[in-house]
Amino acid sequence: MKIPSYKILFAITLIAFFVSCTDKVKETVTKKSEILPNGMHLTIEKTDIKKTSFGIFTNHNYGTSHRFKYRVAVDQGSIEWDFGVGEPKHFLFCDKGIYIHYLNENSYTEEARDTINDTIEEVRVTKIENQYQKYIDKRYLFKLFGDAYWVDVTEEEYARNKSLCSEQAIPNDNELTIDAVE
């Protein structure tokens, strides 16, 4: 028995209509501003993005996801950090440069042994980790030409400079935290 192609096409279309979703995205931007003890002006902008998927015909809520991104500026934008998915925690102001400490959610592929089948499978693992960057300013001629950027540095380099420099906390919502291991 052969099913006519128009019936198959109609069934696929009907299923697609009932499974199709529409997304509702809500962005909320909050800004904080403060003067640091060293006299620098700090501006923190956080964007919360909430996305909810609803069925077109059923209006069923298929799930909500939440993301956020930070943008931090020092001295009215002369220094900017816009890593997006990271949550800034501290600035380190040194004579030889500026550092930032932030938490970031990183994804890794790890191997796990399935004891039932005695096979090795790849598993996706997400970890929240401390990360550190240093600000490099290679601009010249009234800062019109050249580049300013952030480069990754090690935790050891940050810790070595921490004792010699002024560390300032960056206000944030503490959405990312690292649990202490006992």
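Residues numbered from 1 in each chain as written. Predicted model: local features only at pLDDT ≥ 70, side-chain atom pairs only at ≥ 80, totals over all residues. Heavy atoms only, no water.

Engineer: Is there a simple way to explain the overall build of the chain in this structure?
Structural biologist: A tally of helices and strands in the chain yields two helices and nine strands. Mapped from its N terminus to its C terminus, the chain presents α and β elements in the order α-β-β-β-β-β-β-β-β-α-β. The globule rule puts the C-alpha radius of gyration for 182 residues at 16 Å, and the 24 Å found for the chain is more than 25% above it. Seen through its principal axes, the chain has C-alpha atoms that stretch 80 × 45 × 35 Å. For the chain, with 182 residues in total, the buried portion stands at 29%. (Helix = DSSP H or I, 4+ residues; strand = E, 2+ residues; numbered from the N terminus. Rg over C-alpha atoms; globule rule 2.2 N^0.38 Å. Buried < 20%, exposed > 50% of the residue type's maximum accessible area, 1.4 Å probe, protein only.)

Engineer: Can you help me understand the state of the cysteines in this one?
Structural biologist: Under the counting rule described, the total for this entry stands at one disulfide. Residue Cys-94 pairs covalently with Cys-165 via a disulfide, S to S 1.9 Å. What sets the handedness of the Cys-94 and Cys-165 disulfide is the S-S torsion sign, and at about 115° it is right-handed. Of the two residues, Cys-94 is situated in strand S5 (residues 87-94) and Cys-165 in the loop between helix H2 (155-162) and strand S9 (166-169); the sequence distance between them amounts to 71 residues. For the pair Cys-94 and Cys-165, a shared accessibility class is recorded, and that class is buried. (Disulfide = S-S within 2.5 Å.)

Engineer: Whenever I open this one, the pattern of salt bridges confuses me. Can you help?
Structural biologist: If charged atoms from side chains of opposite charge come close, those side chains can pair. Applying the stated rule across the entire model yields 12 salt bridges. Across the pair Lys-89 and Glu-87 runs a salt bridge whose closest N-O atoms are separated by 3.2 Å. No difference in accessibility class separates Lys-89 from Glu-87, as the two residues are buried. A salt bridge links Arg-113 to Asp-118; the shortest N-O distance between them is 3.0 Å. For Arg-113, a relative accessible area of 52% gives the class exposed. Among the charged side chains, a salt-bridge network with shared partners connects Lys-32, Lys-46, Asp-48, Asp-173 and Glu-175. (Salt bridge = Lys/Arg side-chain N within 4 Å of Asp/Glu carboxyl O.)

Engineer: What is the right way to look at the nonpolar core in this model?
Structural biologist: Buried together is how nonpolar side chains tend to be arranged in soluble globular proteins. Leu-42, Trp-81, Phe-91, Ile-98, Ile-100 and Trp-150 are the most contacted members of the largest nonpolar core, which totals 19 residues. The set of elements that each furnish at least two residues to this core consists of strand S2 (41-55), strand S3 (61-74), strand S4 (79-84), S5 and strand S6 (97-114). Not counting the four nearest positions on each side in its chain, Trp-150 is found in contact with Ile-79, Glu-80, Trp-81, Phe-91, Ile-98, Tyr-99, Ile-100, Gln-133, Lys-134 and Tyr-135. (Core = buried A, V, L, I, M, F, W, Y, C linked by side-chain atoms within 4.5 Å. Contact = heavy atoms within 4.5 Å.)

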